[in-house]
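# Fold and geometry: a report
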Amino acid sequence: MSESGGSVATFRLLLLTVLGQALGAAGYLLDEEPVSEAAGRFRFLPADNAAADSRIELQVLAGTSSEWAPQMPSRFRVTLFRQGVERPLAALVVQDFGVEILPSAEHWWSWRDSVELGAALAEAGHLLVGFGIPWLKGELEPPT
């Protein structure tokens, strides 16, 4: 991955810069797992351990390039876990709540540089704060 925003280290830095305080204020802290992070998985767990079965995970897929193909964008997705239920944030927003703010329920946020990554994290963060975290806490349920 290039140093223009595609490295896992850059992702971690911008993740904590853009979303760290908001997730911390919501009661979720980064679970420091260097091996998982090196593999592109970042997990946020409840700080108070009250909802030990809930968590937020971000999975990063590094863009690749070769002499035969141009640089592919890196991408990430956000998955929420609550009481044994695993739900991608995009699916929760688009399918469950019926808010078509993303292209699809299978959406991955993509970026090619650190500016695009910051914007993608901000967009995902808004949806996390508006839909994901309230759903994790049982404060917001999709309409039936």
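Notes on the structure in this doc start here.

Criteria and thresholds
Residues numbered from 1 in each chain as written. Predicted model: local features only at pLDDT ≥ 70, side-chain atom pairs only at ≥ 80, totals over all residues. Heavy atoms only, no water. Axes fitted to C-alpha atoms, helices over the stretch in contact; angles between N-to-C directions. Helix = DSSP H or I, 4+ residues; strand = E, 2+ residues; numbered from the N terminus. Left-handed = near helix turned anticlockwise from the far one by under 90°. Contact = heavy atoms within 4.5 Å. Nonpolar A, V, L, I, M, F, W, Y, C, P; charged D, E, K, R; others polar. Parallel < 35°, antiparallel > 145°, perpendicular 65-115°, else oblique. Phe/Tyr/Trp six-rings, centres within 6.5 Å; stacked < 30°, edge-to-face > 60°. Lys NZ or Arg CZ within 6 Å of the ring centre and 35° of its normal. Salt bridge = Lys/Arg side-chain N within 4 Å of Asp/Glu carboxyl O. Buried < 20%, exposed > 50% of the residue type's maximum accessible area, 1.4 Å probe, protein only.

This part covers the packing of helix H1 (residues 8-25) against helix H4 (residues 114-136). Here H1 crosses H4 at 35°, and the two axes come no closer than 10 Å. Relative to H4, H1 is oriented so that their crossing is right-handed. Contact residues: H1 offers Thr-10, Phe-11, Leu-14, Leu-15, Val-18, Leu-19, Ala-22 and Leu-23, while H4 offers Ser-114, Leu-117, Gly-118, Leu-121, Ala-122, Gly-125, Leu-128, Val-129 and Ile-133. Here the contact of H1 with H4 is built from residues that sort into 13 nonpolar, 4 polar and no charged.

With that out of the way, let us pick up the packing of helix H3 (residues 89-96) against H4. It is the contact of H3 with H4, at a shortest axis distance of 10 Å, that shows an interaxial angle of 75°. The orientation of H3 with respect to H4, classified from their angle, is roughly perpendicular. Across the interface between the two elements, Leu-89, Leu-92 and Val-93 of H3 pack against Ala-124, Leu-127, Leu-128, Phe-131, Gly-132 and Trp-135 of H4. Of the residues assigned to the contact of H3 with H4, the class counts are 8 nonpolar, 1 polar and no charged.

The next thing to look at is the packing of aromatic side chains. Summed over the entire model, instances satisfying the criterion amount to 6 aromatic pairs. Taken together, the ring pairs connect Phe-11, Phe-42, Phe-76, Trp-109 and Trp-111 into an aromatic cluster. The side chain of Arg-55 reaches across the aromatic face of Phe-81, ending 3.7 Å from its centre. Geometry around Trp-108 places Arg-75 over its ring, the cationic atom sitting 4.5 Å from the centre.

Here the structure, examined in full by the defined rule, presents 7 salt bridges. Note that Glu-32 is salt-bridged to Arg-12, the shortest N-O span being 2.5 Å. Here Glu-32, found in the loop between strand E1 (28-30) and helix H2 (34-38), pairs with Arg-12, found in helix H1; they are 20 residues apart in sequence, far enough to count as distant. Residue classification places Glu-32 among the exposed residues on the basis of a relative accessible area of 53%. Among the residues examined, Arg-12 registers a relative accessible area of 24% and is labelled partly exposed.

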